[in-house]
Amino acid sequence: MSKFIEIQDLIFAYTDESGMAKCNAIDNVSFTVEKGSFLAVIGKNGSGKSTLAKNINALLLPTSGTVLVGGFSTKDEDHTWDIRQRAGMVFQNPDNQIVSAIVEDDVAFGPENLGIEPEVIRERVDRALENVNMGAYKKKAPHLLSGGQKQRIAIAGAVAMRPECIIFDEPTAMLDPSGRREVLDIIEELHKDGITIILITHFMEEAARAERIIVMDDGKIEMDGSPKDIFEDTEKIRALSLDVPPATELAGRLRAKGIDMGEIVVDEDDLIDRLTGSGK
Ligand code: ADP
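Residues numbered from 1 in each chain as written. Predicted model: local features only at pLDDT ≥ 70, side-chain atom pairs only at ≥ 80, totals over all residues. Heavy atoms only, no water.

Caption draft 1: Spatial organisation of unusual backbone geometry. The backbone of A58 sits at a positive phi, close to 65 degrees, despite the residue not being glycine. On the secondary structure map, A58 appears in the loop between α1 (49-56) and β4 (64-69). On the basis of relative accessible area, A58 is assigned to the buried category, the value being 6%. The backbone of D218 shows a phi angle near 55 degrees, a positive value even though the residue is not glycine. What makes D218 exposed here is its relative accessible area of 56%. (Helix = DSSP H or I, 4+ residues; strand = E, 2+ residues; numbered from the N terminus. Buried < 20%, exposed > 50% of the residue type's maximum accessible area, 1.4 Å probe, protein only.)

Next up, the structure:
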């Protein structure tokens, strides 16, 4: 696999009104993200997750260090649009991301700004709406849709740009449980289609669905590994003011009652396999 994102010695400090740098929101972070992989980023509030995401998308530029996206440095302003086209972002609040009164116009907004032919745009919009299972809502008004549906329209808008990577910044934080499930299922589908996924979330069961998790604390990377590696170290996770996924918690309690649960469990499917003896 090739590297899609390469971050080297990244420091980012917000500045106050007088231009003075405040303390580092990102404090000397280096890591790479493989093309086509699914990375989750977790960490307590204020740990630097959003700031990191915005540095990848060139919405913020490094105070020092480098961020390369698809080989382009975010500092190279000639390539800002190349970077934003390759690495799209989906934010927490779907209402803030919807700009048009009709679903299909909203999804077309990004490609229109790229100056793509109308014919091609129509095809991309249809495909993107199918990707998020919203094809039937093409002519509808976004404000009539549920939160989960609106978020799927925002995702379709990102997909219509044909990005190589989508960075999701707490995309399910404002959704009800069914909306959350819909959005997570779409994210997994996009990953299967080959899109590189970076998912910032405060739901541990969502992070458990990624291939790799980075745990941030105070602007630094504190842990980096597979969901099993990360959630196995319950003590450290709790010390970072986080929790383990509900399935891991339940398996731990069953283990404490003397039930043989085998190795660490991170999701419900694992848990069911262990309890029914089918996954050992
Ligand atoms: P997270 O996404 O993990 O909650 P953030 O990246 O939003 O963390 O914030 C990291 C740090 O940067 C926090 O200390 C936060 O207060 C600070 N911060 C975030 N946005 C701004 C801003 N626009 N101006 C100044 N400080 C900010």
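Continuing now.
Caption draft 2: A look at the nonpolar core. Counting 48 residues, the largest nonpolar core has V107, I155, F168, L190 and F231 as its most contacted members. For F168, the residues in contact, after removing those within four places along its chain, are V90, I155, I187, L190, I197, I198, L199 and I200. Of all hydrophobic cores here, the second largest spans 29 residues; its members include L52, A53, L60 and A87. (Core = buried A, V, L, I, M, F, W, Y, C linked by side-chain atoms within 4.5 Å. Contact = heavy atoms within 4.5 Å.)

Caption draft 3: Inspection of the pairing of strand β2 (residues 21-34) at higher detail. As judged from the nine bridges shared by strand β1 (residues 3-15) and β2, these two strands associate in the antiparallel manner. Across the sheet, E6 pairs through a bridge with T32, a residue of β2. (Pairing = 2+ DSSP bridges.)

Caption draft 4: Helix α11 (residues 246-256), seen in detail. Buried residues of α11: A247, T248 and A251, and no others. The buried side chains of α11 occupy one side of the element, clustering within an arc of 100 degrees when seen end-on. Facing away from the buried surface of α11 by more than 90 degrees, the exposed residues are P246, R253 and A256. Once α11 ends, the next one or two residues include G258, with phi positive near 95 degrees. (Arc of directions from axis to C-beta.)

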